[in-house]
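For reference, the chains in residue letters:
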Amino acid sequence: MRYNTQVVLAYFKQERLPYCVPEFTFCEGRKFRWDFAFPDFRLAIEVQGGLFSGGRHVRGAALLQEQEKRNIGAELGWRILYVTPQELCMMDTVNMVKKCVAFRLS
């Protein structure tokens, strides 16, 4: 299942989440991007599509690239939430973001 970025951003705005950037490049000199990022909080959402259909996220070479991306993100102080496309516009995802933002503010 694919998702519509504009619909997701509108939903996040409606739920009063902080400023969110789609396809956010977080590492200078690399092409690594978070699917959605809340840069002020170094919080990212990664959408895990194709998990049960042989998509990119379950193939060896891509998994190694994802692992490198995650490790570099961690080194740079990013927290990453993982969701499926179906979970993007759900209150569970909104609540996870709000908890992470509150943690960063405390």
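Keep in mind it's a predicted model, so treat the numbers as computed, not measured.

S.K.: What's the story with the nonpolar core in this structure? I'm lost.
M.R.: In a soluble, globular protein the nonpolar side chains are often hidden away together inside. Within the largest apolar cluster, 19 residues are counted, with the highest numbers of intra-cluster contacts made by Phe12, Phe36, Phe38, Leu43, Ile45, Leu88 and Val97. For this core, the elements supplying multiple residues, two or more each, are helix 1 (5–14), strand 2 (33–38), strand 3 (43–47), strand 4 (79–83) and helix 3 (91–105). Not counting the four nearest positions on each side in its chain, Phe12 is found in contact with Leu17, Cys20, Phe36, Phe38, Ile45 and Leu88. Within the second largest apolar cluster, 9 residues are counted, among which are Phe26, Cys27, Trp34 and Ile80.

S.K.: Would you take a moment to explain helix 2 (residues 60–75) for this structure?
M.R.: One turn of an α-helix holds 3.6 residues; hence residues three or four places apart share an orientation. With 16 residues, helix 2 extends 23 Å from end C-alpha to end C-alpha; this agrees with the ideal 22 Å at 1.5 Å per step. Within helix 2, the full set of buried residues consists of Ala62, Glu66, Lys69, Ile72 and Gly73. An end-on view of helix 2 places all buried positions within 130° of arc, on one side of the element. With respect to the buried face of helix 2, the exposed residues turned more than 90 degrees away are Leu64 and Glu75. At the C-terminal side of helix 2, Gly77 shows a positive phi close to 85°.

Quick notes on the rules
- Residues numbered from 1 in each chain as written.
- Predicted model: local features only at pLDDT ≥ 70, side-chain atom pairs only at ≥ 80, totals over all residues.
- Heavy atoms only, no water.
- Core = buried A, V, L, I, M, F, W, Y, C linked by side-chain atoms within 4.5 Å.
- Buried < 20%, exposed > 50% of the residue type's maximum accessible area, 1.4 Å probe, protein only.
- Helix = DSSP H or I, 4+ residues; strand = E, 2+ residues; numbered from the N terminus.
- Contact = heavy atoms within 4.5 Å.
- Expected span 1.5 Å × (residues − 1).
- Arc of directions from axis to C-beta.

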